[in-house]
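What the coordinates show
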Amino acid sequence: MQNNHHTVARRLKKLRKDKGWSLTACAEHTGVSKAMLGQIERQESSPTLATLWKLATGFNVSLSWLLNDEQQPMTFDFAHERIQVERLLAFDPQTQQEVYKLCMAEGAQSHSDAHRRGTFETLYVQSGRLDIVVGETQVTIKAGEAYRFDAAQPHSYINRYSGKTEFVAVINYR
């Protein structure tokens with residue numbers, strides 16, 4: 001994620017300016033603290049994947065748009081979370097989709113607040129096993145299996161198993 005601090009900081013400032021939001025108003029709309037917002041804008045903090053999702057949801061933009069200007073595939077390393085995210089396809093306004101490949105180390109977890117209403121995720125596990133918790137429901141999917149869910153509710157990805165888990169996430173915004 002180190003190479004993308006500048007892009008995220010610049011986009012966050014632009015979004016706040018376009019909305020006319022102070023750091024306080026931004027914190028209220030995104031659920032990210034004022035202190036963290038300031039650190040991100042000053043490039044003093046490496047935001048977690050969950051924090052980036054909160055920002056994207058609060059501003060009603062795709063995660064892909066928030067992360068990078070480029071359209072080609074690129075990788076984002078959230079080393080502190082032991083998760084690597086490769087953007088395979090940037091957000092497409094026509095299909096309202098973006099596609100990522102995630103690699104989670106053994107024991108890694110990613111927790112997300114609800115995304116904006118109408119957001120669905122389809123996950124396809126390529127290797128390993130993945131526990132998905134959506135609201136009160138927990139599902140385990142293994143290599144070769146897929147699962148679709150309404151992402152407009154809190155959800156988590158958890159690799160409780162030995163070895164890494166690799167999966168593709170198709171995010172569809174309506």
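In this report, we go over the structure that sits alongside the text. (Residues numbered from 1 in each chain as written. Predicted model: local features only at pLDDT ≥ 70, side-chain atom pairs only at ≥ 80, totals over all residues. Heavy atoms only, no water.)

**As for the pairing of strand β6 (residues 129–134)**
Using the following cut-off: Whether two strands pair depends on DSSP finding at least two bridges between them. Numbered from the N terminus, helices here are DSSP runs of H or I no shorter than four residues, and strands are runs of E no shorter than two.
Of the pairings in the sheet, the one linking β6 to strand β7 (residues 137–142) comprises 6 bridges and is antiparallel in character. The partner of V133 across the bridge, within β7, is Q138. Hairpin remark: β6 followed by β7, antiparallel, with 2 residues in the connecting loop; positive phi at G135, about 60°. With 4 bridges connecting them, β6 and strand β9 (residues 155–158) associate as antiparallel partners. Bridge pairing links D131 to I158 in β9.

**Brief notes about the environment of R42**
Note the cut-off: Polar contacts here mean pairs of N or O atoms no more than 3.5 Å apart (in protein, one a potential hydrogen donor and the other a potential acceptor; neighbouring residues in sequence count only if both atoms are side-chain atoms).
Here R42 is to be found in the loop between α3 (34–41) and α4 (49–59). A polar side-chain atom of R42 sits 3.1 Å from a polar atom in the side chain of E44.

**Digging into the packing of helix α1 (residues 5–19) against α3**
Going by this rule: Working convention: axes come from line fits to C-alpha atoms, limited for helices to the stretch in contact. Angles between N-to-C directions cover 0 to 180 degrees. The scheme is simple: roughly parallel for angles under 35 degrees, roughly antiparallel for over 145, roughly perpendicular for 65 to 115, oblique for anything else. In this analysis, two residues are considered to be in contact whenever any of their non-hydrogen atoms come within 4.5 Å of each other. Ten residue types, Ala, Val, Leu, Ile, Met, Phe, Trp, Tyr, Cys and Pro, are classed as nonpolar, four, Asp, Glu, Lys and Arg, as charged, and the remainder, Gly among them, as polar.
Axis separation between α1 and α3 bottoms out at 8 Å; the angle between their running directions is 125°. When the axes of α1 and α3 are compared, the pair comes out oblique. Within the contact between the two elements, α1 uses V8, A9, L12, K13 and R16 and α3 uses L37, I40 and E41. In terms of residue class, the contact of α1 with α3 is made up of 5 nonpolar, no polar and 3 charged.

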